[in-house]
Structure formats: C-alpha cells, structure tokens
Amino acid sequence: MSSMGSPPLTGSAARPVEIRLKRAERVLELRFDDGLHVTLSAELLRVESPSAEVQGHGPSQKTIVGGKRNVAITAIEPVGHYAVRLVFDDGHDTGLYSWTYLHELASRQDELWRGYLDALQARGLSRDR
C-alpha cells in the first residue's frame, strides 16, 4: 500500500472476521480475529482514506478534507483476500483499505479523530464545508 501513499502501518496481522455496513448510522462495524470489535464512521474512513488523493506521497502531502460530516459509504468491494475498496457517496472510491490499515484505523481512531478536528480548525475548515 505504500505505493498508494498510505501512512505507516503497525504491521498487525489481524484479519477481519466480520465487516458490516450500517447505512442508516453511516458506520462500518468491524470484528477482527484478535478480538478487536469496533465501529468506524464513514466520515473518519473517508478523511483517512489510504488513497494518494488524500494521503499524498508522504506525510507532508496529506490533504485535510473538510465537509464530510454526512458522507456515506455506498458500497464495499472485496479486493483479493487482503483489502476492501470503499465507495463513498461523494464519488471517492480510490482507496484500498487493507486489513492492516483497517486495524490501524480501529486501534487509533480516537487519536486520528482528534488530529483531524485539530487540522480542520487550524485550516479554518469545518466538517460541514
């Protein structure tokens, strides 16, 4: 995934045993084989997309994406036995979410969310625009 400009990963070998899209709540529920069970918002998944469009080609090139409070996941497409492609209702569909990356997001979601809110504020952006 590094060729897509994704951030460094922890190297977790955990694999999801269940991935459930809850459309009404705009969340993805994940259960991993290491016991981690988590719900990730579509907004967090969208703004932390592993795509080069969001991550750039290095940490200094990351794009802070505002206006995604109400973004929804419209489809989950399997990619081999190692990832899924999430399709969002804003047209974004270029990120491949490996099992390792999903586990990383799940494990660090509070930290990532705080960083996202701080970055929005620092740039004068909002979750709504």
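Here is what the cut-offs are and how they apply
Residue positions are given per chain, counted from 1 along the sequence in the order it is written. Under the rules for a predicted model, residues below a pLDDT of 70 receive no local features and side-chain atom pairs below 80 are neither given nor counted, while totals for whole chains, interfaces and linings still include all residues. Side-chain measures here rest on the full set of heavy atoms in the structure, leaving out hydrogens and waters. UniProt positions are given in the numbering used here, feature names are shortened, and annotations may be inferred rather than shown by experiment. Secondary structure elements are taken from DSSP: a helix is a run of H or I of four residues or more, a strand is a run of E of two residues or more, and numbering for both begins at the N terminus. Between buried and exposed lies partly exposed: a residue is buried under 20% and exposed over 50% of the maximum accessible area for its type, with that area taken using a 1.4 Å probe on protein chains only. Should DSSP find at least two bridges between two strands, the strands are taken to pair. To get the bend at any residue, fit one axis to the seven residues that end at it and another to the seven that begin at it, then take the angle between the two axes. Lines fitted to the C-alpha atoms define the axes, with helices restricted to the stretch that makes contact. Angles between their N-to-C directions range from 0 to 180 degrees. The contact criterion used is simple: two residues touch if any of their non-hydrogen atoms lie within 4.5 Å.

The name an unreviewed UniProt entry assigns to the chain is Gamma-butyrobetaine hydroxylase-like N-terminal domain-containing protein, from the organism Inquilinus limosus.

Caption draft 1: The arrangement of the UniProt feature "domain: Gamma-butyrobetaine hydroxylase-like N-terminal" (unreviewed entry) in the chain in detail. Here the UniProt feature "domain: Gamma-butyrobetaine hydroxylase-like N-terminal" (unreviewed entry) sits at residues 19–103. A helix fraction of 18% and a strand fraction of 36% characterise residues 19–103, whose end C-alpha atoms lie 12 Å from each other.

Caption draft 2: Summary view of the pairing of strand E5 (residues 83–88). Across the 6 residues of E5, 5 count as buried, placing the element largely inside the fold. Here 6 bridges tie strand E4 (residues 73–79) to E5, and the two strands are oriented antiparallel to one another. Residue pairing for E5: Glu-77 is matched across the bridge by Arg-85. Relative to strand E6 (residues 96–98), E5 runs antiparallel, the two being bridged by 3 bridges. Bridge pairing in E6 links Val-84 to Tyr-97.

Caption draft 3: Seen up close, helix H3 (residues 99–122). Taking the largest bend as the criterion, H3 deviates by roughly 75°, centred on Arg-108. Two residues or fewer past H3, Gly-124 is found with a positive phi of approximately 70°.

Caption draft 4: A look at unusual backbone geometry. The backbone of Arg-26 sits at a positive phi, close to 55°, despite the residue not being glycine. Within the element layout of this structure, Arg-26 appears in the loop between strand E1 (16–22) and strand E2 (27–32). Classification of Arg-26 by relative accessible area gives partly exposed; the value is 33%.

Caption draft 5: Summary view of the sheet that holds E1. The strand order across the open sheet formed by 3 strands is E1-E2-E3, and the pairing between neighbours is antiparallel. Looking at the sheet topology across the chains shown, the edges are occupied by E1 and strand E3 (37–41). The sheet shows a mean angle of 20° between the axes of neighbouring strands, direction not considered. Across 5 bridges, the pairing between E2 and E3 is antiparallel. Within the sheet, the bridge partner assigned to Val-27 lies in E3 and is Ser-41. Contacting E1, E2 and E3, H3 crosses the sheet at an angle of about 90° to E3.

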